[in-house]
Amino acid sequence: MRQAVHIFLKDSRQLRVPIAISLAWTVVFAGTGVLPWFMEFRNDAWDQIQYVGQRLSTYVIPIGWALIVSLAVQTDALAGDRQFWLTRPYSRGSLALAKAMFVVAYVTLPMTLAQGTLVVLNDLPLSPSLIGLAFEHVLLTIVFVMPAAALAAMTGSMAQVALSLIVLVPAAMLVSDVGDPLMHWVWGTVATLGLGMVGGTVLLVQFRHRTTAQSRLIGLAGSLALASVLVALPWKTAFALQSRVGPTRNESLRASLVPLAKPAVRPPNQLIDRRLMDRRLHFRFAIAGLPADEYVQCQGVEVSVEATDGTRWQPALRVFPSYTGPSTGTEGCLVQLQPAESIRESLESRPVHVRASIYVTRLIRTQESRIEVGKAPKHFANLGVCAARELNQPNQIRVPGETLLHAECRRSFPASLMADADPYSPFPATLALHPVRIKRWSVSSTAPVVATQRLLENSFLRVDFNAPEVNLADFDFTK
Amino acid sequence: MTPIVRTENLGKRFGRTTVLDDLELSVEEGSVYGLVGANGAGKTTTVKVLMNILEPSSGRALVLGEDSRRLGPAHFQQIGYVSENQDMPTWMTIDYFMAYLKPFYPTWDDGRARELLTQFELPRDRKLKHLSRGMRMKAALASSLAYRPKLLVLDEPFSGLDPLMRDEFIEGLVETAEDTTMLISSHDLAEIESFATHIGFLNQGRLRFSQSLSALSDRFREVEVTLDAAPGLPAQWPAEWLRPETSARVVRFVDSEFDHSRTIARVRRLFGDTARVDVTPMSLRSIFVALARESRKAA
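Definitions and cut-offs
Residues numbered from 1 in each chain as written. Chains lettered and ligands numbered in written order. Predicted model: local features only at pLDDT ≥ 70, side-chain atom pairs only at ≥ 80, totals over all residues. Heavy atoms only, no water. Helix = DSSP H or I, 4+ residues; strand = E, 2+ residues; numbered from the N terminus. Areas by Shrake-Rupley, 256 points an atom, 1.4 Å probe, with all protein chains shown as cover. Domains from an automatic or database assignment. Buried < 20%, exposed > 50% of the residue type's maximum accessible area, 1.4 Å probe, protein only. Pairing = 2+ DSSP bridges. Disulfide = S-S within 2.5 Å. Core = buried A, V, L, I, M, F, W, Y, C linked by side-chain atoms within 4.5 Å. Contact = heavy atoms within 4.5 Å. Axes fitted to C-alpha atoms, helices over the stretch in contact; angles between N-to-C directions. Parallel < 35°, antiparallel > 145°, perpendicular 65-115°, else oblique. Left-handed = near helix turned anticlockwise from the far one by under 90°. Nonpolar A, V, L, I, M, F, W, Y, C, P; charged D, E, K, R; others polar. Buried area = accessible area lost by both parts, 1.4 Å probe. Salt bridge = Lys/Arg side-chain N within 4 Å of Asp/Glu carboxyl O. Polar contact = N/O pair within 3.5 Å; in protein donor to acceptor, adjacent residues only side chain to side chain.

## Digging into the overall build of chain A
A tally of regular secondary structure across chain A gives 11 helices and 14 strands. A total accessible area of about 23900 Å² is found for chain A, and carbon and sulfur atoms account for 61% of it.

## Digging into the domain arrangement of chain A
How large an interface is tends to be reported as the accessible area lost when its parts come together. According to the domain assignment, chain A consists of domain 1 (2–233) and domain 2 (254–365 + 460–475). Averaged C-alpha coordinates put domain 1 of chain A and domain 2 of chain A at centres separated by 47 Å.

## Points about unusual backbone geometry
In terms of backbone geometry, most residues other than glycine have negative phi values and most peptide bonds are trans. Residues and elements named next belong to chain A. With phi around 55°, Arg210 is a residue other than glycine that occupies positive phi space. Among the secondary structure elements, Arg210 is positioned in the loop between helix H7 (184–208) and helix H8 (212–232). Using a relative accessible area of 12% as the deciding quantity, one classes Arg210 as buried. Its identity is not glycine, yet Phe413 carries a phi of approximately 50°, on the positive side. The topology assignment puts Phe413 in the loop between strand S11 (403–412) and strand S12 (436–445).

## Section: the pairing of strand S2 (residues 17–23) of chain B
All names here are of chain B. Across 4 bridges, strand S1 (residues 3–14) lies against S2 in antiparallel orientation. Within S2, the residue paired with Leu10 across the bridge is Leu23. Adjacent in sequence and paired antiparallel, S1 and S2 are bridged by 2 residues, among which Gly15 carries a positive phi angle near 65°.

## What about the state of the cysteines?
All names here are of chain A. The final tally for this structure, using the stated rule, is 2 disulfides over all chains. Disulfide pairing places Cys298 opposite Cys333 at an S-S distance of 2.1 Å. In this structure the cystine formed by Cys298 and Cys333 twists about its S-S bond by roughly 125°; its chirality is therefore right-handed. Remark: Cys333 occurs in strand S6 (residues 333–337) and Cys298 occurs in strand S3 (residues 294–306); sequence separation between them is 35 residues. For Cys298, a relative accessible area of 2% puts it in the buried group. Residue pairing for Cys386: its cysteine sulfur links by disulfide to Cys409, the two sulfurs lying 2.0 Å apart. As the torsion about the S-S bond is roughly 115°, the Cys386-Cys409 disulfide counts as right-handed. One end of the pair, Cys386, is in strand S10 (residues 384–390); the other, Cys409, is in strand S11, with 23 residues separating them in the sequence. For the pair Cys386 and Cys409, one class covers both residues: buried. Here the bonded cysteines of chain A are numbered in sequence order, and their pairing is 1-2, 3-4.

## Description of the nonpolar core
Within the largest apolar cluster, 127 residues are counted, with the highest numbers of intra-cluster contacts made by B:Met51, B:Tyr100, B:Leu141 and B:Ile199. In terms of residues, this core owes the most to one element, helix H5 (residues 130–154) of chain A, which gives 10 residues. What B:Ile199 contacts, discounting residues up to four positions off in sequence, is B:Tyr33, B:Gly34, B:Val36, B:Ile192, B:Phe209, B:Ser210, B:Gln211, B:Leu213, B:Leu216 and B:Leu284. Judged by nonpolar contacts, the second largest core, of 32 residues, contains A:Leu281, A:Phe285, A:Val352 and A:Val463.

## Some points on helix H11 (residues 341–348) of chain A
For H11(A), every residue scored as buried is listed here: A:Ile343, A:Arg344, A:Ser346 and A:Leu347. Summarising the contacts, the buried residues of H11(A) are in contact with S3, strand S4 (312–313) and strand S7 (352–365) of chain A.

## Notes on the packing of helix H4 (residues 92–121) of chain A against H5(A)
Residue and element names in this part refer to chain A. Here H4 crosses H5 at 140°, and the two axes come no closer than 11 Å. The orientation of H4 with respect to H5, classified from their angle, is oblique. Read as a crossing pair, H4 and H5 show a hand that is right-handed. Of H5, the residues touching H4 (which contributes Val103, Val107, Thr108, Met111, Thr112 and Gln115) are Leu133, Glu136, His137, Leu140 and Val145. Residues belonging to the contact of H4 with H5 are distributed by class as follows: 6 nonpolar, 4 polar and 1 charged.

## Topic: the side chain of B:Ser256
Residue and element names in this part refer to chain B. Along the polypeptide, Ser256 turns up in the loop between strand S14 (250–255) and helix H9 (260–271). By relative accessible area, Ser256 is classed as buried at 9%. In contact with Ser256, other than residues within four places in its own chain, are Arg219, Phe220, Glu240 and Leu242.

## Overview of the side chain of A:Ser94
Structurally, A:Ser94 can be placed in helix H4. Excluding residues that lie within four positions of it along the chain, A:Ser94 makes contacts with A:Gln3, A:Ala4 and A:Ile7.

## Some thoughts on the interface of chain A and chain B
On the chain B side, the residues contacting the 18 residues of chain A number 27 residues. A buried area of about 2100 Å², summed over both sides, lies between chain A and chain B, and 59% of it is on carbon and sulfur atoms. On the surface where chain A and chain B come into contact, there are 2 salt bridges. A salt bridge links A:Arg82 to B:Asp87; the nearest nitrogen and oxygen atoms lie 3.6 Å apart. At the junction of chain A and chain B, the tally comes to 11 residue pairs in polar contact (both at pLDDT 80 or more). Residues of the side of chain A that touches chain B, tallied by class, amount to 6 nonpolar, 6 polar and 6 charged.

The following block contains the structure:
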């Protein structure tokens, strides 16, 4: 321990300038992160400074961490055979501990302090935020600190670190976009676990054995394997995982196939030969068995059609990642399918057997929260700390007799973005620097109260549909 | 005497290149062992394997009785290592460098450290990066002597030093390392000769010989044979007579197994009784050159 402290103090002294810059930016982040209530109604130059400060912090702070952590690892570099410490009585355990102390002292503690300060100064209670704060730091360490430390442990100079980052960061950004946004936590978890495993293994191998070639192989193979898993992770596996991990309920939902009402008279089209028209089947699967005030949000549909002559048609799984909000899925799932011309005749000749799996998120409407105008911010379940005001904006169109009211709710380290039917996450926080999320509503009201409701995920379900005799002509809009 | 450093069939390969091949080296306690050889002979690789900087590909090396692969902090507290190839923490001042290293060594002697800095005339408040190469080597040496190591390993310590600096460096070594076993890898033979007690000659990864300097000096002689007529080299030329040269009536060679009466008798047998024989002792440098040329010829 004494040796670790000794090495840590040496690193602190050597890297005092980059440490000071990193800490100064953390102060900028904390200073610009205090958000006044109903900020959008202010017309203040300070707001612009805040905005710029926060936007820049999103990039500058992680880059600063990567830089100082890489520098700290490379002050006693593990790669190479010319370092003076190799023939001095360094204990590898103390060396690793010294670098861990560096991370805690100059990354974790300052940011914890900054985020804790921001929670309090943004009128949120600190103690309920501690679990989110701790989880946030685990994520920040795995995603930003460990890869930087592992990269520095495998390279001999900062130039090599920088060169590697130029290649790795764009690749990581490309891979980070894969997956279904409604189940982002699944891909995020795989990515975080993968980064932790690859980074941790590289650091372990380098600090214990200093076999750089082996570590580079582990790093490269691990990164490629992780990217492959993220790209190839099946949607159905992710949904099944979410269904198992997410909230559960005794379900009794049923699906039925409902023909859509066709226009009574289709105007003749003189220009396009009907045989050449894009002929799609419109399947609408209605979900029954929902209690009042519950809804479903359609996430995916998988259909299989089998003709009596044995011809089988199974289009690819349709996923609806952009469908959010309560209105889109409440009446069921609509899917348009286009069978190939070669099998169309076989399918249309007589009734077919249709099987389907409908993947839905079951939503429940939370109880109404009534935020009184002009009162001090107050805590509301499922919403956070909320306040409401009557505020006028220039050029506002006003309805006589009604007042435009604005409500604002804040939460610390929420796993969701606080929108209706947020993407689900089983974790207490998501990867973000600023600890506070804000949701705002504007309502026209006659009473000095803003009433809010939210839809929360209740469960994630696969509802199976099976109909042995379906006439496809009922679902073909081109006929 | 107990060997403080010993290698057994030590081999090191980098890809397909064999750098050390079945190396058998033994450095006895209390000796000053000069490991000499041409560039690329494998001296630095040997030292790096001994210091656990590189792992051997085959065989093993024992340092202070421990396998080099298991050398840890407790062993390095008794080992000093100075190398021209070492990256120093150049941002440190000499004073901070010494203060930083002190807690790593239980036997660190502050008084001795001060003496060494004074003796080497090192500016204590200057950063290592602002020192000349020679001064930096002296700082490294001072930091390696202040804890009285049992073994001091120096890898090409004289490279790039001007003559004055070399003298000061060697003076410092000789004066301050009385109780320390030294292993010095170098191709600066004049410097090695001035204070080494044992010499090992490394060539193409193999140790060609290893013996005390006095035995080595006794073993090698330059022999000049003057004849009545222009000589021709006899068909049965002894293998231990190296670098034969002829000019006018003179034959010169290096006898690598010199024994006065035996050498004279063999000369008489090969060249006749009229030959005049002059025998000259050789410097380490001349021995090294003769051996190196012979090896190159054989290769």
